[in-house]
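One letter stands for each residue in the lines below.
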Amino acid sequence: MSGPDRGRGRNREGRPARRGTPRRPAPLRPVAGAKPVDRARRAAFEVLRQVHDRGAYANLALPALLGEWSLSGRDAAFATELCYGTLRATGTLDAVLAAGSNRPLSKVDGPVRDALRLGAYQLLYTRVPAHAAVSTTVALARSASGAGSASFANAVLRRVSTSDLPGWLERLAPTDDAAGLAVRYAHPEWIVRALGDALGGDEGDLTAALTADNERPAVHLAARPGRTTAAELAERVGGTVGRLSPYAVYLPGGAPGDLAEIRDGRAQVQDEGSQLVTLALADAPLDGPDVRWLDLCAGPGGKAALLGSLAAQRGARLTAVEVTEHRATLVGKAVAGLPVDVLHADGRTVGERPELPAGGFDRVLLDAPCTGLGALRRRPEARWRRQESDLDDLVALQRELLAAACRAVRPGGLIGYVTCSPHPAETTAQIAALLADQPGLTQLDARAALDAVTPEAVQGLGEGPAVQLWPHRHGTDAMFLALLRRDAGE
Ligand SMILES: C[S@@+](CC[C@H](N)C(=O)[O-])C[C@H]1O[C@@H](n2cnc3c(N)ncnc32)[C@H](O)[C@@H]1O
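Residues numbered from 1 in each chain as written. Predicted model: local features only at pLDDT ≥ 70, side-chain atom pairs only at ≥ 80, totals over all residues. Heavy atoms only, no water.

For the protein chain, an unreviewed UniProt entry supplies the name Putative Fmu protein (SUN protein) and the organism Actinocatenispora rupis. What the UniProt record of the protein chain gives under Sequence similarities (unreviewed entry) is the line "Belongs to the class I-like SAM-binding methyltransferase superfamily. RsmB/NOP family." What UniProt records for the protein chain under Function (unreviewed entry) is the sentence "May act as RNA methyltransferase." (UniProt positions renumbered as here; feature names shortened; annotations may be inferred.)

Rendered as structure tokens:
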């Protein structure tokens, strides 16, 4: 996953995103004589405002609002569909709305723009009757911004409703190049190009990857080794044992935070791909001592908790480093009771402080801050918030952290370089540059290491020696893993 605050510099309205707990927008003004908008649509609208006006994360803001407004069952499901669907499809909706509007969308008030997106989403992507989509959008626009905005919204949505989605796509995105695919599959064009490069130019594969980004992922749990098993956990939570990780359980639905097994530390929410890359590093063959482990970028602590559970079984000890204080605290909570020392520090200080001695570790995990392009399914707004210009700083930080990981590992020891992004600049190119710069490193076949930890052979891992997982192939986030050994005697 990406670093928490990266790419949050500006909101979609071009203003600097404010941080901290997002303030709720002012409640909608009741309008005399107007039918009130149902609470599900209002909840979706409120969260869109928080995301676009305040830089909030929908996957945190929406559950909080649903709880606050006591929305459950069908209302909660409808609000979630509208909110997440509208956020994912924002670029495509904006292209359609721009074509249906007589003024640039950038000149439209933020609340009216969000109401229009919500309305266009219902018209183009759902079976909501057109009259309901239009009338509720007009009501939202009126209460947020007055009668003039209401008639503007009415006119725009009437034009949008003159065609269905395939018709609009045919008109706005007739080509199959990156620009056309960007509109068709609701991704920024630079992300379409990056995914295409990572997939090696196979168009069918690319459209499958783009499609998978628009689907809601299943919730994956990891049974903590030594505390429970996948079979036991699946039975208790009514889930299914995972296909690829021996600790994975797929959850049918519901709020995983409510599960007793999560609260008491027997299990954690963790993508199966994250489990796999962690296990591949932990189990890769290693000569010599194997008791000092390091997680150089540990927050919020998912991989540290899995490594810590394995360390407890094997008599090893993990040092978990995290630069952000709040996230270091989360790591502390995640690893409670495990043989893990949490260090609130910059991972680049290896060799400069006694807790991070140069050559002091047998296995080093570097789960680097990255663009997070491999987890777009989980954060509906992330693809529009992340900018291509974020890449340079991230790649430079990854390079420095990789250098630190190389200093930290002992001769003969192993490094696992992981990103939740398939972007070549963060993955294959990063490793190629490292190997060109640093003598005394050998890249191992991570596919073999991964195969050794899975109950069934995993297909489609890429050309190697690194591993690239994909949502459309493996049902996991698009995790990348390169395994490196520091040559003995180096
Ligand atoms: C991809 S996330 C790690 C996810 C984590 N391994 C897990 O599985 O829960 C990257 C983390 O690196 C942290 N980070 C960024 N720069 C860092 C640095 N210089 N030193 C240590 N941690 C850093 C970020 O705050 C973020 O928590």
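A.B. asks: Sorry, what's going on with the sheet that holds strand 4 (residues 267–269) here?
C.D. replies: By way of backbone hydrogen bonds, the strands of a sheet pair with one another, either parallel or antiparallel. Spatial strand order, 2-3-1-4: four strands in an open sheet with antiparallel pairing. Of all the strands in the sheet, just strand 2 (240–241) and strand 4 have a single pairing partner and so form its edges. Sheet analysis places strand 2 next to strand 3 (residues 248–251), joined by two bridges and oriented antiparallel. By the bridge assignment for strand 3, Val241 is matched with Val249. Taken strand by strand, helix 12 (residues 230–237) contacts strand 1 (219–223), strand 2, strand 3 and strand 4, and its axis lies near 15° from that of strand 3. (Pairing = 2+ DSSP bridges. Helix = DSSP H or I, 4+ residues; strand = E, 2+ residues; numbered from the N terminus. Contact = heavy atoms within 4.5 Å. Axes fitted to C-alpha atoms, helices over the stretch in contact; angles between N-to-C directions.)

A.B. asks: Looking at this structure, I do not really get the nonpolar core. What am I missing?
C.D. replies: In terms of nonpolar packing, the biggest core is built from 55 residues, with Val47, Leu97, Leu116, Leu124, Leu157 and Val160 touching the most fellow members. Broken down by secondary-structure element, the contributors of at least two residues to this core are helix 1 (39–54), helix 2 (58–68), helix 3 (73–88), helix 4 (90–100), helix 5 (110–125), helix 6 (130–145), helix 7 (147–160) and helix 8 (165–172). Looking at this core element by element, the count peaks at eight residues for helix 5. If we skip the residues at most four places from it in the chain, Leu124 touches Leu93, Val96, Val160, Ser163, Asp164, Leu165 and Trp168. Of all hydrophobic cores here, the second largest spans 44 residues; its members include Ala298, Ala320, Cys370 and Met479. (Core = buried A, V, L, I, M, F, W, Y, C linked by side-chain atoms within 4.5 Å. Buried < 20%, exposed > 50% of the residue type's maximum accessible area, 1.4 Å probe, protein only.)

A.B. asks: What's the story with the domain arrangement of the protein chain in this structure? I'm lost.
C.D. replies: By convention, interface size is frequently given as the accessible area that disappears when the constituent parts associate. Domain boundaries in the protein chain define domain 1 (39–166), domain 2 (173–213) and domain 3 (271–486). Between domain 1 and domain 2, the C-alpha centre-to-centre distance is 25 Å. (Domains from an automatic or database assignment.)

A.B. asks: Explain the pattern of salt bridges to me, please; I cannot follow it from the model alone.
C.D. replies: Here the idea is simple: oppositely charged side chains can pair when their charged atoms come close. As enumerated under the stated definition, the model contains 27 salt bridges in all. Salt-bridge contacts for Asp362 lead to Arg292; the nearest nitrogen and oxygen are separated by 3.0 Å. Highlighted residues: Asp362 in strand 8 (residues 361–367) and Arg292 in strand 5 (residues 292–295), separated in sequence by 70 residues. Given the relative accessible area of 0%, Asp362 is considered buried. Taking relative accessible area as the criterion, Arg292 reaches 34% and is therefore assigned partly exposed. In this structure, Asp390 and Arg386 form a salt bridge, with 3.0 Å as the shortest nitrogen-oxygen distance. Of the two residues, Asp390 and Arg386, neither departs from the other in class, the shared state being buried. (Salt bridge = Lys/Arg side-chain N within 4 Å of Asp/Glu carboxyl O.)

A.B. asks: Help me out: how do you make sense of empty space enclosed by the protein in this one?
C.D. replies: Where empty space is left can be seen by rolling a probe of water-molecule size over the atoms. Using the criterion set out here, one finds four cavities of 30 Å³ or more in the structure. Surrounding the second largest cavity, Leu195, Ala209, Ala212, Asp213, Leu373, Gly374, Pro422, Trp470, Pro471, His472 and Ala478 form its lining. Those elements that place two or more of their residues in the lining of the second largest cavity are helix 11 (203–213) and helix 21 (471–474). It is helix 11 that contributes the most residues to the lining of the second largest cavity, three residues altogether. Residue composition of the lining of the second largest cavity, grouped by class: eight nonpolar, two polar and one charged. (1 Å grid on protein atoms, 1.4 Å probe; cavity = no way out; pocket = protein on both sides within 12 Å on 5 of 7 lines; lining within 4 Å. Points joined across faces, edges and corners; volume = space filled by probe spheres on them. Nonpolar A, V, L, I, M, F, W, Y, C, P; charged D, E, K, R; others polar.)

A.B. asks: Mind showing me how you'd approach unusual backbone geometry here?
C.D. replies: Most of the time, phi is negative for any residue but glycine, and the peptide bond is trans. Backbone torsion omega between Gly299 and Pro300 reads 5°, so that peptide bond is classified as cis. As for its position among the elements, Pro300 is in the loop between strand 5 and helix 15 (302–314). Backbone torsion omega between Gly464 and Pro465 reads -5°, so that peptide bond is classified as cis. The topology assignment puts Pro465 in the loop between helix 20 (446–453) and strand 11 (467–468). One non-glycine residue, Ser70, adopts positive backbone phi at about 50°.

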